[in-house]
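A structural walkthrough
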2 protein chains.
Amino acid sequence: MKPYLEMNREELLKEKEGLEQEFARIKALALDLNLTRGKPSPQQLDLSMDMYDIISSKSVLRTQAGTDCRNYGSLDGIDEAKRLMAGFMDCEQEQVIVHGNASLSIMYDTISRSMTHGVLGHTPWCRLDSVKFLCPVPGYDRHFAITEHFGIEMINIPVYKDGPDMDMVEQLVNGDAAVKGIWCVPKYSNPQGITYSDETVRRFAALKPAAGDFRIFWDNAYAVHDLYENDRDELLPIMKECAKAGNPDMVYEFCSTSKVTFSGAGISAMGMSETNRNDMLKQMAIQTIGHDKIKQWTHTRYLKDMDGVRAHMAKHAAIVRPKFETVHSILSEEISPRGVGTWIKPKGGYFICFEALEGCAKAIVAKAKEAGIELTAAGAPFPYGTDPKDSVIRIAPTFPDLEEMKQAAQVFTVCVRLASIEKILGGK
Amino acid sequence: MKPYLEMNREELLKEKEGLEQEFARIKALALDLNLTRGKPSPQQLDLSMDMYDIISSKSVLRTQAGTDCRNYGSLDGIDEAKRLMAGFMDCEQEQVIVHGNASLSIMYDTISRSMTHGVLGHTPWCRLDSVKFLCPVPGYDRHFAITEHFGIEMINIPVYKDGPDMDMVEQLVNGDAAVKGIWCVPKYSNPQGITYSDETVRRFAALKPAAGDFRIFWDNAYAVHDLYENDRDELLPIMKECAKAGNPDMVYEFCSTSKVTFSGAGISAMGMSETNRNDMLKQMAIQTIGHDKIKQWTHTRYLKDMDGVRAHMAKHAAIVRPKFETVHSILSEEISPRGVGTWIKPKGGYFICFEALEGCAKAIVAKAKEAGIELTAAGAPFPYGTDPKDSVIRIAPTFPDLEEMKQAAQVFTVCVRLASIEKILGGK
């Protein structure tokens, strides 16, 4: 096999003809596969069903401290749940607030509160002429949707194998008081699957922001979502690093059990300094009497501690790993030798991030749709939905079953090859 | 027994002496009772524990439409839950959005969204010089806390037996474009226990607001919380009345199962016009992927429909009714003949609202505290915590057991009598 970029026009046309025949054959299959969302598969959800065997009419739904989980109260969550979620974030129990069913809502509420009431006495962002957020790209579309919703200006920051471009981050954060935050998915990042290096985390912790209300939004969504038990990425605990660097208030950390137990029916949490925590609780006291403590009780009884979580996640990995490896091996076989795309083989998380030749992503997604494969819209992992190079495609391998995933990946490679050839020919 | 206001100074001094002895005797008992919060008792919470027998590892957590309740999605809730909650609000299933564990959070989020993004294209409230809310008083402290938190000016509206002073409401709403909303607890109101008359509801529905983004915040918290199965207050359905009057968009209705199943671990919902609903969903899509559908599944399987809800609430009533009646009968015996306080005997809800002689509420609460009875702070049911007459005390009879409630009520009457005499003597 020859890289497409080394082929002459004739060779490309011949290759194209074969691919078009293949594409027509695929279309005739009338496939209907969906690779758009990072959702666990039903098989993964089955793993946690026995959580509902530990609660019944006979259960005594009390905490160790004696709180009745069935009644109002406990604004910051029950101690057992704080302890569990502290394990996800490698921080102290006292730094945790346990929330409802989604960490996304905590992030939204945190931004919303900063807009209307400001951070620790600083001017509410809604009264400022300019508020900016740094957005490592490609990133999580729902992060960018929140900042866009509030009219916050978003600045793209390239992400490399060891994390965001820290020179750029330092320059912008330390130099511009309008920069109020940065979105980070530091472990098995969405969508690239990379984990921030120790050096990157330490540079984050050592930032000297021009804005006193600058915050790192550290969305540790995949903290425990390792694919390989003996080859995990290790992420330095940001809260500890920030404290060491004399910046304890600079970071908010988020996590949840959405992809541990049930998506949208788990528990979520936020970790932060005592000062930030008190600030947040003041506002939370107006918004709610407290989150669902019965669900906190059930989750902590079920998962127990980080050993319990790791053991449970190993079961997820056994289901998910073959899907990731299938995609990786099909791409390695079909794409690499032809030189029309790159990706990082992730060791965890929920995505594989395919980087096509420049200007090909939209065309690939369109072709895949024609062939019955729904892919996340090209551009989605970028602020304002705009991928400047039109090259990134997020693949979510978890939801389909293994056979479907295999088929979808094969079809995908045909689409990539065809769109790439068309692009190359168009440029010749 | 003679009304205190008809007693001469000597009679009052003699009465006071006797009461002081009684008060000293009570203090020696070192009681520790809490009547502050409208919380269900453990016995009430026990009623719903069998909900957890209908879910186990064997459950198929799917909706009738086939949605997997364990996975992401269904921003507006599952159909079954929309149908159930529509029953609470006497509206159409299509008008409902099912939320998380607390209607309070929906109200907070609705105000917050109006501040930052405005209502249906109107100017966001944070950009206006003046935003006002009407607050029927006494009312629910947490409502007023929300509007205070956002710097919204609150205007007291007196509440009579059939609802708020509608002349005043009409004048303010129809005449002042800065008036953007009104807080209402229309059935078994917190704290008075009154229910708005048909006439009141119709006058609400017929408002002609000066502000296009004026909304009635109709917190139907006690929609199904009747104490007497055969003597229920009936509330006209506001959404239907607003639609009839040509004002379909003017109302947001809220409800929850917090005091039906578990407090803080139930489901909540909002009812509104299609136009409002679409507006709200646009913002919600940024804030969350969806609320907890497993809890929606469990609740709808358990409560089934409004017949199921009514049957379940009858069990609550059997526990709560004697407590209300005890308070009522002790007050009737000890307070009425002495003319030092009035209250309405509620047919449902969670509170009895005691109206003392003017200028006595704080003194009564202080005395009760001295005697080991924690009462809601005087003034709490008013915006900014200020009761202009210092006369209203909210009594929450549900949480203590019947014997405790009896004892607390008796101690309360001693405190009322003593504070009243001191007040009368002070004025003579």
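Provided above is the structure to which this section pertains.
Here is a short report on the structure shown in this document. (Residues numbered from 1 in each chain as written. Chains lettered and ligands numbered in written order. Predicted model: local features only at pLDDT ≥ 70, side-chain atom pairs only at ≥ 80, totals over all residues. Heavy atoms only, no water.)

1. Regarding the overall build of chain A
Within chain A one finds 13 helices and 13 strands. Over its C-alpha atoms chain A spans a radius of gyration of 23 Å, differing by no more than 12% from the 22 Å that the globule rule assigns to 428 residues. C-alpha extents for chain A along the principal axes are approximately 75 × 55 × 35 Å. Within chain A, the proportion of its 428 residues that are buried is 62%. (Helix = DSSP H or I, 4+ residues; strand = E, 2+ residues; numbered from the N terminus. Rg over C-alpha atoms; globule rule 2.2 N^0.38 Å. Buried < 20%, exposed > 50% of the residue type's maximum accessible area, 1.4 Å probe, protein only.)

2. A closer look at the environment of Lys187(B)
All names here are of chain B. Here Lys-187 lies in the loop between strand E6 (179–184) and helix H7 (198–205). Lys-187 sits 37 residues away from Val-224 along the chain, and the two C-alpha atoms are 9.0 Å apart. The contacts of Lys-187, once residues within four sequence positions are left out, are Ile-194, Thr-195, Asn-220, Tyr-222, Ala-223, Asp-226, Asp-233 and Leu-235. (Contact = heavy atoms within 4.5 Å.)

3. Let's talk about the relation of the copies chain A and chain B
In screw terms, the move from chain A to chain B is a rotation of 180 degrees and a rise of 0.0 Å along the axis, fitting with an RMSD of 0.0 Å. Taken together, these values place the two copies in the relation of a two-fold axis. A share of 100% of the interface residues of chain A reappears at the interface of chain B, consistent with the copies meeting face to face through the same patch. (Least-squares fit on C-alpha atoms with pLDDT ≥ 70 in both.)

4. Some thoughts on the sheet that holds strand E5 (residues 163–164) of chain B
Residue and element names in this part refer to chain B. Reading across from one edge, E2-E9-E8-E7-E6-E3-E4-E5 is the order of the eight strands in this open sheet, with mixed pairing throughout. The outermost strands of the open sheet, each flanked by one partner alone, are strand E2 (96–98) and E5. Bridging between strand E3 (residues 132–137) and E6 involves three bridges; their strand directions are parallel. Note that in E6 the partner of Leu-134 across the bridge is Ile-182. The sheet contacts of helix H3 (residues 79–89) involve E2, strand E8 (251–256) and strand E9 (268–271), and relative to E8 the element is tilted by about 110 degrees. Across the sheet, helix H9 (residues 274–287) is in contact with E2, strand E7 (215–219), E8 and E9; its angle to E2 comes to roughly 25 degrees. (Pairing = 2+ DSSP bridges. Axes fitted to C-alpha atoms, helices over the stretch in contact; angles between N-to-C directions.)

5. Quick look at the pairing of strand E11 (residues 352–356) of chain A
Note on strand geometry: in a regular strand, side chains alternate between the two faces of the sheet. Residues and elements named next belong to chain A. In terms of residue burial, E11 counts as a mostly covered element, since four of its five residues are buried. Note that strand E10 (residues 341–342) and E11 share two bridges and pair antiparallel. The residue of E11 that forms the bridge with Thr-342 is Glu-355. Across four bridges, E11 lies against strand E13 (residues 392–395) in antiparallel orientation. Bridge pairing links Phe-354 to Ile-393 in E13.

6. Quick notes on helix H3 (residues 79–89) of chain A
All names here are of chain A. Of all 11 residues in H3, eight are buried, a share of seventy percent or more. Among the residues of H3, Glu-80, Ala-81, Lys-82, Leu-84, Met-85, Ala-86, Phe-88 and Met-89 are the ones counted as buried. Where H3 is buried, its residues contact strand E2 (96–98), strand E8 (251–256), strand E9 (268–271), helix H9 (274–287), helix H10 (293–303) and helix H11 (306–334).

7. A word on the interface of chain A and chain B
You'll often see interface size given as the accessible area lost when the parts meet. The partner chain B presents 53 residues to the 53 residues of chain A that form the contact. Overall, the association of chain A and chain B removes approximately 4600 Å² of surface from exposure, summing both partners, and the carbon and sulfur fraction of that is 56%. Three residues stand out in chain A for area buried against chain B, namely Arg70(A), Tyr72(A) and Ile286(A), and they jointly supply 17% of the buried area on that side. At the junction of chain A with chain B, the criterion picks out four salt bridges. The closest approach of N and O atoms between Arg70(A) and Asp46(B), which form a salt bridge, is 2.7 Å. In terms of residues, the side of chain A that touches chain B owes the most to one element, helix H4 (residues 103–117) of chain A, which gives seven residues. (Buried area = accessible area lost by both parts, 1.4 Å probe. Salt bridge = Lys/Arg side-chain N within 4 Å of Asp/Glu carboxyl O.)

8. As for unusual backbone geometry
Working note: non-glycine residues mostly have negative phi, and peptide bonds are mostly trans. Here Asn190(A) and Pro191(A) are connected by a cis peptide whose omega angle stands at 10 degrees. By the secondary structure assignment, Pro191(A) is in the loop between strand E6 (179–184) and helix H7 (198–205). Following Val137(B), the chain continues to Pro138(B) via a peptide bond in cis, the omega torsion being -5 degrees. Tracing the chain through its elements places Pro138(B) in the loop between E3 and helix H5 (141–149).

9. A look at the packing of helix H4 (residues 103–117) of chain B against H9(B)
Residue and element names in this part refer to chain B. Closest axis-to-axis distance for the H4/H9 pair is 12 Å, and the angle between their directions is 105 degrees. The orientation of H4 relative to H9 falls into the category roughly perpendicular. Facing Ile-106, Asp-109, Thr-110 and Arg-113 of H4, the residues of H9 in contact are Met-280, Gln-283 and Gln-287. Grouping the constituent residues of the contact of H4 with H9 by class yields two nonpolar, three polar and two charged. (Parallel < 35°, antiparallel > 145°, perpendicular 65-115°, else oblique. Nonpolar A, V, L, I, M, F, W, Y, C, P; charged D, E, K, R; others polar.)

10. So, helix H11 (residues 306–334) of chain B
Residues and elements named next belong to chain B. Over its 29 residues, H11 runs 39 Å from end to end, which matches the ideal 42 Å to within 8%, given 1.5 Å per residue. If you look at H11, its biggest bend is around 35 degrees, right at Val-320, and the proline Pro-322 turns up within four residues after that. Where H11 starts, the residue carrying a side-chain oxygen 3.1 Å from the main-chain nitrogen of Asp-307 turns out to be Asp-305. (Expected span 1.5 Å × (residues − 1). Bend = angle between axes of the 7 residues up to and from the residue. Polar contact = N/O pair within 3.5 Å; in protein donor to acceptor, adjacent residues only side chain to side chain.)

11. Here we look at the environment of Lys293(B)
With respect to the helices and strands, the residue Lys293(B) is situated in helix H10 (residues 293–303). For Lys293(B), a relative accessible area of 1% translates into the label buried. The contact partners of Lys293(B), leaving out residues within four places of it in the chain, are Gly264(A), Thr67(B), Asp68(B), Cys69(B), Asn71(B), Tyr72(B), Gly73(B), Ser74(B) and Ile78(B).

12. What about empty space enclosed by the protein?
Within this structure, the stated rule accounts for 11 cavities of 30 Å³ or more. Estimated volume of the largest cavity: approximately 490 Å³. When its residues are assigned to classes, the lining of the largest cavity shows eight nonpolar, 16 polar and eight charged. As a volume, the second largest cavity reaches approximately 260 Å³. Contributing to the lining of the second largest cavity are 24 residues, with Ser103(A), Tyr140(A), Ser258(A), Lys259(A) and Tyr72(B) lying nearest its centre. (1 Å grid on protein atoms, 1.4 Å probe; cavity = no way out; pocket = protein on both sides within 12 Å on 5 of 7 lines; lining within 4 Å. Points joined across faces, edges and corners; volume = space filled by probe spheres on them.)

13. Remarks on the nonpolar core
In terms of nonpolar packing, the biggest core is built from 120 residues, with Phe204(A) and Phe204(B) touching the most fellow members. Setting aside residues no more than four positions away along its own chain, Phe204(A) makes contact with Pro164(A), Met166(A), Val169(A), Ile182(A), Cys184(A), Tyr196(A), Ile216(A), Trp218(A), Ile238(A) and Met250(A). (Core = buried A, V, L, I, M, F, W, Y, C linked by side-chain atoms within 4.5 Å.)

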